[in-house]
Amino acid sequence: MLTGNGSFKVARLNRLERDDSLKAMVDVVINDNIMIKGLKVVEGKNGIFVGMPGRKDSSGKWYDNVHPITKEAREELQETILSAYETEK
């Protein structure tokens, strides 16, 4: 499934049919060269958003493994993923 706009493409979107805030797991390809696995589509208090892959430290605090450097990159990544999520319904 490679759907996207610009430098980000959704390679895989796995919808989760569960009764919690996690709605889908997503893998994204950047510039046809790098794949990031494990992004999350999450239903939050203020609506749906994209969560970055992360890890939990020994105290239980979560840290993102991937972080878009610019606001524009974050917006493009989120727009690409949420567009694919809405299209795949």
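Residues numbered from 1 in each chain as written. Predicted model: local features only at pLDDT ≥ 70, side-chain atom pairs only at ≥ 80, totals over all residues. Heavy atoms only, no water.

Visitor: I'd like a rundown of the environment of Ser 59, residues and numbers included.
Guide: Structurally, Ser 59 can be placed in the loop between strand 6 (54-56) and strand 7 (62-64). Counting along the chain gives 19 residues from Ser 59 to Lys 40, while the straight-line C-alpha distance between them is 22 Å. Within the structure, the side chain of Ser 59 is placed 2.7 Å from the side chain of Asp 57, a separation counted as a polar contact. (Helix = DSSP H or I, 4+ residues; strand = E, 2+ residues; numbered from the N terminus. Polar contact = N/O pair within 3.5 Å; in protein donor to acceptor, adjacent residues only side chain to side chain.)

Visitor: Give me the pairing of strand 3 (residues 22-30): which residues, what numbers.
Guide: Pairing analysis gives 7 bridges linking strand 2 (residues 8-15) to strand 3, with the strands arranged antiparallel. Counterpart to Arg 15 in the pairing with strand 3 is Ala 24. Connecting strand 2 to the antiparallel partner strand 3 that follows it, the hairpin turn spans 6 residues. Inspection of the sheet shows strand 3 paired to strand 4 (residues 34-44) by 8 bridges, in the antiparallel sense. (Pairing = 2+ DSSP bridges.)

Visitor: Go over the environment of Leu 22, please, and point to the residues and values.
Guide: For Leu 22, the position within the fold is in strand 3. The class for Leu 22 is buried, based on a relative accessible area of 16%. Along the backbone, Leu 22 and Val 41 are 19 residues apart, and their C-alpha atoms lie at a distance of 6.2 Å. Dropping the residues within four chain positions of it, Leu 22 is found in contact with Leu 16, Lys 40, Val 41 and Val 42. (Buried < 20%, exposed > 50% of the residue type's maximum accessible area, 1.4 Å probe, protein only. Contact = heavy atoms within 4.5 Å.)

Visitor: I'd like a description of helix 1 (residues 71-87), backed by residues and values.
Guide: Look at helix 1: 24 Å from first C-alpha to last across 17 residues, which is about the 24 Å you get at 1.5 Å a residue. Turning to helix 1, its buried residues are Leu 77, Thr 80, Ile 81, Leu 82, Ala 84 and Tyr 85. (Expected span 1.5 Å × (residues − 1).)

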